[in-house]
Every structure is written in structure tokens, then in C-alpha cells.
Amino acid sequence: MAEPTTSRAHRGTIFVENAVVVSQQEFAGRQYVLRLTAPETAARATPGSFAHVSVDPSVPMRRPLSIMRVDRNEGWIELLYKIHGEGLAHLASRRAGDVVNLLGPIGQGFKPHAERPRALLIGGGVGIPPMVFLAEALRERAAEGFSALAILGSELPFPFRARPSTIMVPGMPDGVIACMPLLDEWGIPSRLTSKAGFPGCHDGYVTDLARLWLAQLEPSILAEVEIFSCGPTPMLKAVAALAREFNLPCQVSLEEYMACAVGGCAGCAVEVQTPSGPAMKRVCVDGPVFEASTVFVN
């Protein structure tokens, strides 16, 4: 029997690479930014795709890590991760020059639409990396009319040194001025939220701050907004509800535990609403990005 086309769709697009560690930077909360020379992955990665990384020869299971940045010319990628257990602790011990085997790039990424050029990017915790990648991609498409606002949340110290933004954003409460410096340097406005009391951050959830911004938009401007989000499932549910509240399209990148990450084991399958009814879709290769309304129906 012929193999279903859907099971072959990703073949020829995922590469096995022996990536070389360029640098590894540690941040508070056992968070790390890892830069790897991985030219095949860098050349083909899109915002929302990820790499399946071998953390150590002694650990058989790879770890799926979202791609935060790529440089296609220099052939490197950056991954942000937080240590959960022994596996990623091994990865944190890697130093410049070490070799890390990975599969990448994997997954269906975000797809901005020209009729909705105002992107609202909402990232939480280790869901921040795809938002940074998407922000950079939209910046490169500014001539097409795309623009972005990023609202990023964390209960740990952020994996960057936050500073006051140089870009004003209408609708922000007084004193909410902290930003991600890299986005500010790119000319992309960002604001930070946390319940941990960090200076300059909104004391609340990402959806609280996003609601304030959306509520003050003129209808003609609101009609140009599309939401993109990545983070823990409760946050994504709240983002999906926010999108319904304002009648906006919304794409979400799901976070699921994965074994093979190439569609073979179906261990990461989730129920998704399709035109022909509910169906089980694999987060790794059918996603990780889905339309929020097809995953979070209530």
C-alpha cells in the first residue's frame, strides 16, 4: 500500500547536522542562549520551526528547542532553553567548540497575511524565542507594510537585560516601559509583563496588557491586526480567548513533549478541528503552529 502523502511531506526538509557550539550564555533562572553553527538548519528555518537536539551521548532522548534567531549567511542558529531535569543540564555544560548533533528545521511555522500586516506577538517564558524570530522576519518585510508589537511575559528574570524602551506605545499604563533591548534596536516596540515585580514591567499577564493595547485601537486599525503566540498551554488558551473577544485571527505555537519529533511516533498528537471534523494532528510536523480557533474552541 502506498504511504500517505501527509506522512512524507517533511522528508527532504529535515537535516541531521553535527552543529558546533559557538557560544553559550547563562541567565538567571537556569536559562541559556545557545548559538550553534548549523548551516543547513539556518538556511531553511522559519519562525515557529524548531530543532531536535541531542543533549549528551549518555541521554538517548533528544530535546525539542525553539529557534530564536538565525543568520543564514554565517550559518548559525540560536536556541533559548531552561533546564528541566538532567537532560538539558548536560546541554548547559557544552562549551565553544563542542559538537551537538541535531535534527532541523522541523515543523510548520507562522504564516503572516498581507491583509493583516499589524502583528501582535505574545510570548511567555520559553515561548519567547519564536516571537523574536518572527519579529526579525517581519522587520525584513517592512517594505511590504508589516509591523509588529511584542508583549513578552515571564515569572523568572528575563533571559536578557531589560531596559527602558525608546519607542512609545499607545495604550500602555504609566510606568510600563521595560523592553527587550534587541527588539528596541531593531525598531520593534516591545513591553514586558510579570507578576514577579520586575521594574518597568506590567504587573499582570500578557493578555491583560495586550487587551489594553487592542482596546484603544480604531476599528480600521484593529481590522489589520493578527495575533501570533507561543507559551504554556494555559497562556495560549487565554490568548485564543482574547482573539475571540476582539474577533481577530490568531496563530499559536503549541508546546508538547516529543519523542521522535519527525511524525513517526504520534506521541505529540492533539485534537484539531478541521473542515471535515475533529482530527488528531502531530504537533511536531503538522504544527507546531495552528490556528488558535481550531485547537482552543472554547
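This structure is a prediction, so every number in the text was calculated from the model and none was measured.

Asker: Give me the sheet that holds strand 1 (residues 15-27): which residues, what numbers.
Answerer: Spatially, 6 strands are ordered 1-2-5-4-3-6 in a closed barrel, and the strand pairing comes out antiparallel. Put simply, the sheet's adjacent strands are angled 45° from each other on average, direction ignored. Bridge count for strand 4 (residues 63-71) against strand 5 (residues 76-82) is 4 bridges, and the pairing is antiparallel. Residue pairing in the sheet places Asp71 in a bridge with Trp76 of strand 5.

Asker: How would you explain the side chain of Glu17 if you had to name every residue and give the values?
Answerer: Here Glu17 shows up in strand 1. Once residues lying within four places of it in the same chain are set aside, the contact partners of Glu17 are Ala38, Pro39, Glu40, Thr41, Val100, Asn101 and Leu102.

Asker: Describe the packing of helix 6 (residues 206-215) against helix 8 (residues 233-245), with residues and values.
Answerer: The geometry of helix 6 relative to helix 8 is characterised by a closest axis approach of 10 Å and an angle of 15° between their N-to-C directions. Between helix 6 and helix 8, the interaxial angle falls into the category roughly parallel. Like other packed secondary-structure pairs, helix 6 and helix 8 cross with a definite hand, here right-handed. On helix 8, the residues touching Val206, Thr207, Ala210, Arg211 and Leu214 of helix 6 are Met235, Ala238, Val239, Leu242 and Glu245.

Asker: A description of the pattern of salt bridges should follow, citing residues and the corresponding values.
Answerer: Following the criterion strictly, the structure yields 11 salt bridges and no others. Residue Glu78 pairs with Arg35 through a salt bridge whose shortest N-O separation is 2.7 Å. Of this pair, Glu78 sits in strand 5 while Arg35 sits in strand 2 (residues 31-37), and the two are 43 residues apart along the sequence. Overall, Arg35 belongs to the partly exposed group, its relative accessible area being 22%.

Asker: Account for the sheet that holds strand 7 (residues 118-124), naming residues and giving values.
Answerer: Spatially, 7 strands are ordered 12-11-8-7-13-14-17 in an open sheet, and the strand pairing comes out mixed. Two strands bound the open sheet, and with one partner strand each, they are strand 12 (202-203) and strand 17 (289-291). Here 4 bridges tie strand 8 (residues 147-153) to strand 11 (residues 190-194), and the two strands are oriented parallel to one another. Residue Ile151 lies in a different strand from strand 11, and its bridge partner there is Arg191. In the packing of helix 8 onto the sheet, the strands contacted are strand 7, strand 13 (225-230) and strand 14 (250-253), and the crossing angle to strand 13 comes to about 170°.

Asker: Got a sec to walk through the environment of Ser54? Specific residues and values, please.
Answerer: Within the element layout of this structure, Ser54 appears in the loop between strand 3 (50-53) and strand 4. Measuring from C-alpha to C-alpha, the distance between Ser54 and Arg69 comes to 19 Å, with 15 residues separating the pair along the chain. Not counting residues up to four positions away in its chain, the partners in contact with Ser54 are Arg62, Arg94, Val100 and Asn101.

Calculation criteria
Residues numbered from 1 in each chain as written. Predicted model: local features only at pLDDT ≥ 70, side-chain atom pairs only at ≥ 80, totals over all residues. Heavy atoms only, no water. Pairing = 2+ DSSP bridges. Helix = DSSP H or I, 4+ residues; strand = E, 2+ residues; numbered from the N terminus. Axes fitted to C-alpha atoms, helices over the stretch in contact; angles between N-to-C directions. Contact = heavy atoms within 4.5 Å. Parallel < 35°, antiparallel > 145°, perpendicular 65-115°, else oblique. Left-handed = near helix turned anticlockwise from the far one by under 90°. Salt bridge = Lys/Arg side-chain N within 4 Å of Asp/Glu carboxyl O. Buried < 20%, exposed > 50% of the residue type's maximum accessible area, 1.4 Å probe, protein only.

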